[in-house]
Each structure stands twice: as structure tokens, then as C-alpha cells.
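Each chain is listed here by its residues.
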Amino acid sequence: MVLGYLAAACARRAGLVALLALLLAAAGLFIIHTRLGVTTDTNGLFSKTLPWKQRQAELQAAFPQGEDLLVAVIDAKIPEQADSTAAHLADALRQDTTHFSLVRRPDASPYLQRNALLFLDPGPLTDLLNQTIDAQPFLGYLAQDPSLRGLARALSLIAEAARRGQASLTPFEPALAAFHKTLAATNPTPLSWQNLMAGPVSSLAGRYRFVLAKPRPNYGALQPGAAATQAIRDAAAKLPFVRDGAARVRITGSVALDDDEFATVAQGAAVGLLGSLLLVTLWLFIAVRSWRLILPIVLTLLLGLDLTAAFAALAVGTLNLVSVAFAVLFVGLAVDFAIQFTVRFREASLHTPAAVAALGHTGRHSGSQILVAALATAAGFLAFTPTSFAGVAQLGLIAGVGMLLAFICTLAVLPALIALFRPAAEAGEVGFVWARPIDTALARHRRPVLAAAALLTLLGLGLLPWLRFDSDPLHTKNQNTESVQTLNDLIADPVTSPYSIEILKPSLAAAEALAPKLRALPTVDGVLSLNSLVPDDQTRKRQLIADAADILMTTLNVPPEPHPDAAALRAAIRDALPAITAAAAKPAGRALKPIADDLRNLGNAPDQRLTDEDAALTRFLPQQLKQLLTALQATATVTQADIPPDLARDWITPDGRAKLQVMPKPQIARTSAGLHRFVAEVAAVVPSAGGAAVTIVRSAETIVAAFRFAAIGALIAITIILAVALRRLLDTALVLASLLLSSLLTVIVAVALPLPLNFANIIALPLLLGVGVSFNVYFVMNWRAGRTAPLASATARAILFSALTTSTAFGSLALSRHPGTASMGDLLLVSLACTLLATFVFLPALLASCRRG
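Residues numbered from 1 in each chain as written. Predicted model: local features only at pLDDT ≥ 70, side-chain atom pairs only at ≥ 80, totals over all residues. Heavy atoms only, no water.

Novice: Go over a nonpolar patch on the surface with me, naming the residues and quoting the values.
Specialist: Residues L16, L19, L20, L22 and L23 make up a contiguous nonpolar surface patch of about 510 Å² in total accessible area. Inspection of the secondary structure puts L20 in helix 2 (residues 14–35). On the accessibility criterion, L20 (46% relative accessible area) is partly exposed. (Patch = residues over 30% accessible without salt bridge, like charges linked within 9 Å, V, L, I, M, F, W, Y side chains within 5 Å. Areas by Shrake-Rupley, 256 points an atom, 1.4 Å probe, with all protein chains shown as cover. Salt bridge = Lys/Arg side-chain N within 4 Å of Asp/Glu carboxyl O. Helix = DSSP H or I, 4+ residues; strand = E, 2+ residues; numbered from the N terminus. Buried < 20%, exposed > 50% of the residue type's maximum accessible area, 1.4 Å probe, protein only.)

Right under this line is the structure:
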């Protein structure tokens with residue numbers, strides 16, 4: 001009665017209500033413009049009171065230099081090109097104080113380069129030093145003359161020794177093959193002396209080089225790090241190896257990931273929302289058949305969306321990457337109320353031509369149904385608000401209140417607008433007359449239908465354990481963005497995988513005491529600490545290095561000759577060719593045959609080709625000889641005191657707390673199950689562990705727990721609402737039975753596709769408790785009122801077109817380029833289809849089996 005009076009009263013004072021609605025809309029727009037913002041900070045998606053979040057915050061506070069970074073990841077055809085590109089990029093960024101407050105290259109510290117040999121294990125160190133000593137005469141020529149002339153002389157030397165049987169070419173074959181590859185190339189490419197001289201040891205550093213930059217964010221922009229990211233791109237584009245395609249600079253890091261995340265979510269969001277509204281309007285036209293009814297519905301939707309966004313501005317202020325989806329959800333769900341009211345108004349106008357009277361009748365008979373649906377849907381959303389998943393809790397609050405605002409707009413503003421637009425009275429049947437035979441068939445064959453529903457219920461229950469949750473947050477990001485692709489490449493490389501665990505201890509001694517226990521765990525590959533920067537077994541290694549230095553230093557530590565011109569290079573080739581050709585003619589010197597041919601051709605080449613080949617062959621030779629000379633001087637004992645402060649600060653806080661970094665075995669980090677096992681093993685030893693691996697696993701656990709709580713809370717709230725509204729246990733059970741079936745049908749489809757749950761789409765589950773209740777409530781309340789043939793009724797028409805409009809809104813989510821948002825849309829569409837199947841097939845058969853009593 002009250003709702004009918006409200007609708008009629010608003011219709012009588014339509015002009016006043018419309019004016020008040022216009023004023024509220026203007027006030028809402030002002031609040032949105034001045035108060036509503038969006039953040040891409042994923043740290044705010046979880047409650048700060050969670051223990052793992054507190055440990056994460058403690059680690060971030062202890063080592064702030066590792067937070068909010070842009071990471072330039074450099075790889076190239078050869079290591080020297082990557083090193084050179086990284087060095088020049090870092091120098092350029094350090095001069096750009098407008099965009100960056102700090103620029104570092106931890107992997108290029110002079111301390112690490114100086115003590116590089118000491119960090120090798122004794123076996124590889126011995127092999128490397130013996131290999132270098134064996135090449136001493138060859139290196140001597142190159143040290144004196146680091147050019148093609150010196151290389152030709154060195155090749156002549158080993159060729160003569162091979163011809164006389166005094167030396168084997170076997171140790172030189174990799175180098176000879178590399179020389180031939182460079183000499184035979186049409187466009188000469190630089191030769192990697194690092195790979196030649198270090199051999200397998202060269203790969204220990206990995207293929208990537210890093211420049212870590214802390215940007216000065218512009219929080220007034222939608223992407224705070226965009227300007228700094230562009231500055232890196234501009235600087236990289238000027239570097240020679242990047243320009244010629246020999247090196248590649250890509251950008252990742254938390255700032256780039258957040259910026260790309262927001263760009264992907266925002267990309268097409270406005271177009272998607274507009275497209276959703278246009279398609280909703282199309283369905284509305286088919287449903288209500290009059291623009292005099294469509295415009296009131298659309299205006300009511302826009303007002304409700306405006307007021308909901310204004311509430312969001314006042315209640316939370318800043319939307320996150322989850323709650324930003326409230327607009328599409330609102331349009332998809334709130335339109336159901338408007339369609340139900342309008343279709344039922346059309347039905348009422350058949351018998352009550354006077355618009356105000358028909359609106360009052362509609363409010364009286366459908367208002368309570370819409371109220372129950374709104375309360376149930378709101379309960380599905382609001383059940384999130386007490387959870388620790390703060391991102392979805394925010395969405396739940398906004399959307400839950402939005403459903404209540406939508407109900408108020410539907411019962412107050414929509415009648416006023418309909419009265420103002422004065423639609424013509426309905427002249428024919430509103431429901432689906434053609435569906436009466438289907439109603440009859442479902443009633444007649446109710447037992448097979450209910451038996452099939454029972455079997456599907458059992459199947460759904462059996463498949464519940466197979467419903468997979470994908471706990472990797474990277475899978476909900478756009479895999480085509482540079483930041484994600486780069487991070488995936490780093491994850492795939494055992495040397496650079498970021499899935500580690502970090503542990504903060506009161507002192508370095510406490511950290512070192514814990515390390516052996518962690519190293520013994522089956523999933524652990526290694527444990528790093530400050531002491532990892534101090535080489536072990538130094539006495540033995542220093543002796544090996546000192547012995548090699550005694551042999552090599554006098555050879556390497558010589559002033560180089562002036563660099564030759566083309567004529568000198570041609571003369572050196574001419575002088576070297578006889579010995580190389582003679583050696584190549586013998587079986588033992590066969591490896592020199594390609595070199596002889598290459599040098600013969602080069603000797604007849606133009607001067608420019610000669611100088612180009614000289615540059616390609618020896619460009620990085622002086623640098624490598626210098627690094628070798630420096631490394632051979634590492635004969636003093638290295639202690640913690642020798643570690644540079646900038647490196648030590650990555651492991652020790654100013655107050656003496658020490659960090660341990662626990663690395664998983666490569667095969668363990670590649671799967672979600674392996675990562676969970678890794679975290680469980682480490683956490684059993686150190687419950688206070690943190691780091692990226694812990695964050696991923698604990699985030700998943702928090703989300704699953706939050707949604708379990710929300711689902712149970714929503715179900716309890718919905719049951720209470722139904723019990724109070726319907727006042728009969730049977731009616732409540734009918735609604736819940738159809739709801740259970742639709743939920744289990746969703747499980748069956750999700751497992752079959754497969755459509756795994758993830759951080760984004762899991763919101764669909766408690767939400768659809770509310771949506772499913774809405775459809776079922778309309779049929780059950782009509783049945784209780786004595787109406788038969790549910791599928792032929794106006795209510796069925798309203799439900800069908802409400803589902804179509806809702807699926808249109810959800811479809812815009814499914815088409816998003818953001819995988820998390822798209823998966824949310826996919827699951828919502830699947831669940832909506834399952835809800836329709838349960839409502840239009842199972843529920844009519846179930847109703848036909850029950851007595852009203």
C-alpha cells in the first residue's frame with residue numbers, strides 16, 4: 001500500500017519530482033567532479049590490519065629504495081652491448097632530475113666487477129684461469145695491439161704452432177668459429193669477447209641488465225608514472241645499440257605495471273559504457289515498445305548512476321581498480337527494477353487507462369517484489385564490506401547502496417517521468433502468449449524436469465572441488481602490455497625470477513643463524529644475505545688468482561700500440577695469411593681454413609670494409625682486457641667493511657636489521673601449487689616471512705576467505721529477507737532451491753570451459769545470489785498471489801528483457817582488454833544464463849509440483 005501510494009503521489013506531482021531529481025543530479029555531478037578520484041595503487045586492495053600486509057609494510061619501510069620503481073630491462077645480441085646500453089641509459093637518467101629522484105645499477109657495481117673471480121666456485125674458477133693461461137701468448141698480442149692487426153698476428157702465431165705440431169687448435173675452435181662468423185657477415189656485427197674469454201661463466205650473470213629508477217610521480221595524471229616512463233623511452237631511443245636494433249630496452253616495475261593496469265582498465269571504458277547504454281536502450285524498446293517509456297527508464301538509470309557515483313565520492317573518495325567497475329554493474333542490475341516496473345505498468349494500463357491510477361496499481365503490486373529484489377541484491381554486495389579484501393569491500397558498499405538508490409529512483413522518479421511523458425494506454429496482451437504451451441508442458445513433465453535438475457545438482461556438487469582458483473595476479477593483467485611481457489620473461493629466467501621470500505631479522509647474526517634451516521628445505525634453491533656479497537673460500541681462490549696473475553699480469557699490463565689505419569690492417573693480413581694458409585692445409589689446422597678464406601677476401605676489400613671489420617672484431621676487446629686485468633688484482637681479503645654502502649643498504653637497515661632473501665627452485669616457482677608449497681615450507685620455519693611469493697599466496701588466501709565469508713553472509717541475509725518478506729517457509733525454500741541450482745549450473749559450466757576463478761571474477765559469485773533471487777522472487781510471489789502460467793506472464797517478459805539488458809552490460813565487461821575485467825564479464829554472463837535456465841525451466845516445474853496451501 002505504501003509503495004503504491006508513493007508511486008501515485010510522485011506521479012501526481014511529476015513536475016516537482018522531476019525538478020528535485022534534476023537538482024539532485026546536478027548536486028551529484030558537482031560532488032563527482034570535486035571529490036571522486038581513481039587510484040591504481042594495488043597496495044590498498046587489502047586491509048592494512050592483515051598480518052601479511054603489516055609484514056609487507058614493514059619490509060617496504062625498511063627498504064624504501066626498492067619500492068615504487070620503474071625498472072628498465074636491457075637485453076642485447078651480446079653482453080657487451082647490453083652493458084654499454086645500460087651504462088649510458090643510467091647516465092642519461094641521472095641527469096634528468098625532473099623525472100627521477102634516484103637511478104641505480106646494482107648489478108654493475110665496481111665492487112662486484114673488481115671481485116668477480118672471487119665469487120666463482122673453485123671448480124669453474126680453476127677452469128677459467130687455466131683456459132686464460134693457455135691463451136697467454138694469444139692474449140699477449142691482443143694486449144699490445146687490440147685491433148685486427150693484433151688479432152691477425154695472434155692468429156698467425158697459433159697457426160704456425162699448429163703447423164709444427166706444437167699446439168692443438170681444439171681449445172681455440174669456439175673462438176675461431178666466432179671470428180669466422182664476424183668476418184663472413186655481410187654487415188659486420190660486434191664480437192663478444194666476454195663470451196669468448198669467460199665461456200660458460202659468462203652466462204652466470206644472466207642475459208638481462210637493469211637500471212632501477214625511482215620516478216617523481218605526477219598524481220594529478222591518470223597514470224602517475226607516464227611522464228617518467230616516456231623519459232626513459234626517449235633516452236633509450238637515442239642510444240646507438242637501441243637505434244640499430246642490437247639492444248632492446250623494456251620497462252617494467254611496480255609503477256609501470258600499475259600505469260598499464262589502469263590504462264587497460266580505462267581503455268574503452270567510456271565507449272563500453274556508452275555502448276552498453278545504447279544496447280540497453282535497444283532491448284528496452286523491444287520490451288516496452290514506446291520511446292515515452294524508454295526515456296523515463298534511461299533517465300532514471302542515469303540519475304541512479306549519478307547518485308551512486310556521488311555516494312562513492314562521499315563514502316570512499318577514491319575508487320580502486322576493482323570498485324571502478326561499479327558503473328557497468330549498476331546499469332546491468334538497476335535496469336531490472338525499471339523494466340519490471342514499466343512492464344507491469346503496461347499490464348496495469350490495460351485495465352486502468354488513467355496513468356496515475358495505473359502507476360499506483362503498479363507500485364502497489366510490483367513495488368514489494370522490486371523491494372525484495374533490491375534488498376537481496378544489495379545484501380549480495382554489502383556482504384563484502386566486512387571482509388579484509390578492501391578493494392571488493394569498497395565495491396560492495398558502493399554497489400549495495402546503489403541498489404537501494406536504484407529502488408528509490410524506480411518507485412519515486414520513474415513514475416513521475418512516466419506521468420510527464422504520457423505514454424499511450426496498452427491495447428494488447430503484454431506477456432508471452434506463445435509461451436502458454438510451454439507452461440503446460442513443464443507442468444505436465446515436471447517430474448523428468450525435476451529429476452534432471454536433481455542430477456545436475458549432484459553433478460555440480462561433485463565438481464565443486466574441481467573449480468580452480470588462479471592465484472597469480474599477473475594472469476588478470478593484460479598480457480600484451482610491455483610491463484607484463486617483460487615481467488613474464490624475468491619470471492621464466494631462473495636468474496631473475498622475482499618470486500622470492502624476504503625475511504627481516506633483528507640483526508645479521510640472527511639472519512645468518514636462520515639461513516641453514518632455510519637452505520635445507522626441499523623447495524629452496526638458495527638463501528641470500530649481506531654475507532652473500534662477501535666471497536667464501538677466499539684463501540683458496542686468492543691463491544689461484546695470485547698464481548694466474550703472476551703469469552698473466554706482465555702479459556696484459558702493457559701499453560697498447562697506436563690504432564692502425566686501413567693500410568696497416570691490410571699489411572697485417574698480408575703478413576699473416578701465409579702461416580694461416582699453410583696451417584689450414586694440414587688436417588690439424590682444418591679449423592683455420594674458413595679464417596684463411598675470410599682474411600684473403602678482406603685483404604682485397606675496400607678500406608671502409610677493413611675498418612668496419614676491425615671495429616666489429618675488436619670494439620669490446622680493450623674493455624674485456626681491462627676487466628680481466630682488474631679481476632686478477634683481487635688478491636686481498638674481502639670483508640663486510642669493503643661492501644659499498646649502497647649495496648649494503650639493500651640488505652641492512654640503518655638500525656641494524658638484516659634481510660634474508662629466499663629463492664625457490666626454478667621448477668617450483670613456475671606453478672601456483674609449487675609457489676604455495678614454497679611459501680608453506682618457509683612459513684613453517686619463519687611465520688613472519690614476507691616478499692612477493694608470500695604476498696601472492698596470502699592474497700589468494702585472503703580473497704578466498706573473504707568471498708567464502710561474503711557468500712555465507714549474503715546467503716544468510718537473503719534468507720532472512722525472504723523469510724520476512726514472503727512469510728512462508730515454502731516460498732523461501734522455492735526461491736533458494738532455484739538459486740542453488742543456478743549456482744551449481746555455473747560451477748558445471750566453469751569447470752567444463754574451463755573458466756577458473758581469479759582475483760577479479762570471483763566477485764560474480766555472491767553477486768549472483770542477489771541477481772538470482774530477484775528473478776525467482778518475481779515468479780514465486782506471483783505464484784503465491786494465485787497467478788498461473790508464469791512463462792506467459794508479463795513478469796516473464798520483464799525478466800527476459802531484464803536479463804538481456806543485464807547481459808549487455810556484463811558483455812561490455814567480457815569484451816574488455818583487461819583479462820581480469822573480461823573474466824568477470826565471462827563469469828557473470830555464464831551465471832546469468834544459468835540463472836535464466838533455472839528460473840524459466842526448473843522453477844515453473846517446481847511451482848507446478850507444490851500446493852499453495
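Next, the rest of the story.
Novice: Tell me about the sheet that holds strand 4 (residues 209–215), residues and numbers included.
Specialist: If you trace the four strands from one edge of the open sheet to the other, you get 3-4-2-5, paired in antiparallel fashion. Both edges of this open sheet fall to strand 3 (100–104) and strand 5 (247–252), since each of them pairs with a single strand only. Taking the axes of each pair of neighbouring strands and ignoring which way they run, one obtains an average angle of 20 degrees across the sheet. Here four bridges tie strand 3 to strand 4, and the two strands are oriented antiparallel to one another. Bridged to R104 within strand 4 is L212. Here helix 4 (residues 79–94) sits on the sheet in contact with strand 2 (70–76), strand 3, strand 4 and strand 5, set at roughly 15 degrees to strand 4. (Pairing = 2+ DSSP bridges. Axes fitted to C-alpha atoms, helices over the stretch in contact; angles between N-to-C directions. Contact = heavy atoms within 4.5 Å.)

Novice: Can you lay out helix 15 (residues 291–315) for me, pointing to particular residues and giving the numbers?
Specialist: For helix 15, which comprises 25 residues, the first-to-last C-alpha distance of 35 Å matches the rise-based estimate of 36 Å (1.5 Å per residue) to within 8%. Taking the backbone nitrogen of R292 as reference, a side-chain oxygen 3.1 Å away marks S290 as the first, capping residue of helix 15. Following helix 15 by one or two positions, G317 adopts a phi angle in the positive range, close to 80 degrees. (Expected span 1.5 Å × (residues − 1). Polar contact = N/O pair within 3.5 Å; in protein donor to acceptor, adjacent residues only side chain to side chain.)

Novice: So what's going on with the state of the cysteines? Residues and values would help.
Specialist: Disulfides are covalent bonds that connect the sulfur atoms of two cysteines. Under the counting rule described, the total for this entry stands at zero disulfides. Just so you know, C409 is unpaired, no disulfide at all, and the nearest cysteine sulfur is the one on C10, 11 Å from it. (Disulfide = S-S within 2.5 Å.)

Novice: Talk me through the sheet that holds strand 8 (residues 524–528); I want residue IDs and the actual numbers.
Specialist: With antiparallel pairing, three strands are arranged side by side in an open sheet as 7-9-8. Strands at the two margins of the open sheet, each flanked by one partner only, are strand 7 (501–505) and strand 8. Ignoring which end each strand starts from, the neighbouring axes of this sheet average 20 degrees apart. Here four bridges tie strand 8 to strand 9 (residues 658–664), and the two strands are oriented antiparallel to one another. In the sheet register, L528 faces strand 9, and the bridge partner there is Q661.

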